[in-house]
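# Tertiary structure, described
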Amino acid sequence: MAANNAPTELDKEQIFGMAEKEMEYRVELFNKLTSTCFNKCIDKRYKETELNMGENSCIDRCVSKYWQVTNLIGQLLGSNRPPM
Amino acid sequence: MASTSGTESTETPISSLSSKEAEKPQIEPLRLPTIEEIRGQDIWNNCAVRSVVSGVLGGGLGFFMGLFFGALDNPLTNPLVQEEMTAKQQFIYTAKQMGKRSISSAKTFALMGLIFSAAECVVEKARAKHDMTNTVVAGCATGGSLSAKGGPKAACVGCAGFATFSVLIEKFLDRHN
């Protein structure tokens with residue numbers, strides 16, 4: 001309780017480390033999301049430069065589902081239940 | 001760029017690139033689309049906008065086609081008509097016939113374009129795939145609805161015919177791949 005006035009060096013390092021880990025996690029999530037939805041939805045023959053409507057709606061659905069899956073798994077992991 | 005004298009092997013490519021850029025075609029840097037560009041492209045994702053624009057274009061095409069074909073095969077061989085009218089009256093009569101034909105043709109083509117575009121847009125959005133199946137279903141819907149007045153058999157024939165026609169046109173437009 002004596003060190004509550006100012007954050008100690010250890011606290012600062014811990015917070016910084018956590019923020020860095022969080023940032024890495026977010027970047028990894030974004031890269032995986034982009035890669036997965038691109039491989040699933042886009043036809044590799046590249047007939048035109050613009051996204052057509054089928055691809056657009058596929059990407060919308062892919063991102064939505066991926067996000068839901070991420071949240072669900074995060075909740076399952078974070079609920080601290082005993083392993084089955 | 002080459003501030004430090006350490007790694008020269010990584011610095012020289014950059015300096016040599018700037019001298020070579022004059023010879024090679026300029027490669028533009030990667031530019032992600034701005035939010036205005038995305039919104040502008042998003043207008044084309046709206047099924048209603050697409051089908052209305054298609055309908056208008058079809059109407060214009062039908063109008064000019066009707067004018068052209070009306071001018072070509074206008075039967076002025078009706079003997080009764082030719083006796084009574086002067087040249088000017090014949091001209092006005094021909095112009096009226098051409099106008100009527102072109103307006104009816106414009107309406108048909110506008111309806112065709114509207115239904116085809118709306119059907120293809122809805123099917124493609126639902127399937128989330130860009131395929132030839134979308135064209136077939138849209139062609140069948142258009143042909144069937146345009147020939148629906150002749151009964152179910154005429155609707156089937158119209159469906160099959162227009163679907164085949166659409167697939168052929170689509171393959172022709174894609175021939176460069």
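All figures in this text were calculated on a predicted structure; none of them were measured in a lab.

The next subject is helix 1 (residues 9–41) of chain A. With 33 residues, helix 1 of chain A should cover 48 Å at 1.5 Å per step; its first-to-last C-alpha distance of 48 Å lies within 8% of that length. Among the residues of helix 1 of chain A, those classed as buried are Leu29(A), Leu33(A), Cys37(A) and Cys41(A).

On to the nonpolar core. Taken as a class, soluble globular proteins show a tendency for nonpolar side chains to be buried jointly. Core analysis: the largest hydrophobic core is formed by 7 residues, namely Leu33(A), Cys37(A), Cys41(A), Ile42(A), Cys58(A), Cys62(A) and Ala128(B). Contributions of two or more residues to this core are made by helix 1 and helix 2 (53–78) of chain A. It is helix 1 of chain A that provides the largest number of residues to this core, a total of 3 residues. If you look at the next biggest cluster of nonpolar residues, it comprises 5 residues, including Met112(B), Phe116(B), Ala119(B) and Ala138(B).

In this section: the domain arrangement of chain B. Residue and element names in this part refer to chain B. Split by domain assignment, chain B resolves into domain 1 (41–75 + 84–128) and domain 2 (131–176). Placing the centre of domain 1 and that of domain 2 at their C-alpha centroids yields a distance of 18 Å. Each partner contributes residues to the interface: domain 1 has 9 residues there, and domain 2 has 13 residues. Roughly 940 Å² is buried in total at the junction of domain 1 and domain 2, and carbon and sulfur atoms are behind 71% of that figure. On the domain 1 side of the contact with domain 2, Met 112, Phe 116 and Arg 127 bury the most area, a combined 49% of that side's loss. Viewed at the interface, domain 2 and domain 1 are joined by 1 salt bridge. Arg 127 is the salt-bridge partner of Asp 131, the closest N and O atoms lying 3.2 Å from each other.

All names here are of chain B. Mean pLDDT for chain B: 82, with 80% of residues reaching 70 or above. Considering only residues more than four positions removed or in separate chains, one finds that residues 1–11, a stretch of pLDDT under 50, has 3 contacts. With a pTM of 0.75, the predicted complex shows an ipTM of 0.74.

Quick look at the packing of helix 6 (residues 132–146) of chain B against helix 7 (residues 152–173) of chain B now. All names here are of chain B. In the contact formed by helix 6 and helix 7, the axes pass within 7 Å of each other and the chain directions differ by 140 degrees. One way to sum up the angle between helix 6 and helix 7 is to call them oblique. Crossing geometry of helix 6 relative to helix 7 is assigned as right-handed. Seen from helix 6, the contacting residues are Met 132, Thr 135, Val 136, Gly 139, Cys 140, Thr 142, Gly 143 and Gly 144; seen from helix 7, they are Ala 155, Gly 158, Cys 159, Phe 162, Ala 163, Ser 166, Val 167, Glu 170 and Lys 171.

Working definition: the covalent bond between the sulfur atoms of two cysteines is a disulfide. In this structure the tally under the stated criterion is 4 disulfides over all chains. One disulfide bridge connects Cys41(A) with Cys58(A), the sulfur atoms lying 1.9 Å from each other. Where Cys41(A) bonds to Cys58(A) through sulfur, the torsion about that S-S bond is close to -75 degrees, and the disulfide is left-handed. Linking Cys41(A) in helix 1 with Cys58(A) in helix 2, this pair joins segments that are 17 residues apart in sequence. In this structure Cys58(A) comes out as buried when scored by relative accessible area, which is 13%. In this model Cys47(B) forms its disulfide with Cys121(B); the gap between the sulfur atoms is 1.8 Å. Between Cys47(B) and Cys121(B), the S-S torsion sits near -95 degrees, and that sign places the bridge as left-handed. Here the residue Cys47(B) occupies a position in helix 3 (residues 47–72), and Cys121(B) occupies one in helix 5 (residues 87–127), the gap between them amounting to 74 residues.

Each value, and the rule that gives it
Residues numbered from 1 in each chain as written. Chains lettered and ligands numbered in written order. Predicted model: local features only at pLDDT ≥ 70, side-chain atom pairs only at ≥ 80, totals over all residues. Heavy atoms only, no water. Helix = DSSP H or I, 4+ residues; strand = E, 2+ residues; numbered from the N terminus. Expected span 1.5 Å × (residues − 1). Buried < 20%, exposed > 50% of the residue type's maximum accessible area, 1.4 Å probe, protein only. Core = buried A, V, L, I, M, F, W, Y, C linked by side-chain atoms within 4.5 Å. Domains from an automatic or database assignment. Contact = heavy atoms within 4.5 Å. Buried area = accessible area lost by both parts, 1.4 Å probe. Salt bridge = Lys/Arg side-chain N within 4 Å of Asp/Glu carboxyl O. pLDDT = per-residue confidence, 0-100. Axes fitted to C-alpha atoms, helices over the stretch in contact; angles between N-to-C directions. Parallel < 35°, antiparallel > 145°, perpendicular 65-115°, else oblique. Left-handed = near helix turned anticlockwise from the far one by under 90°. Disulfide = S-S within 2.5 Å.

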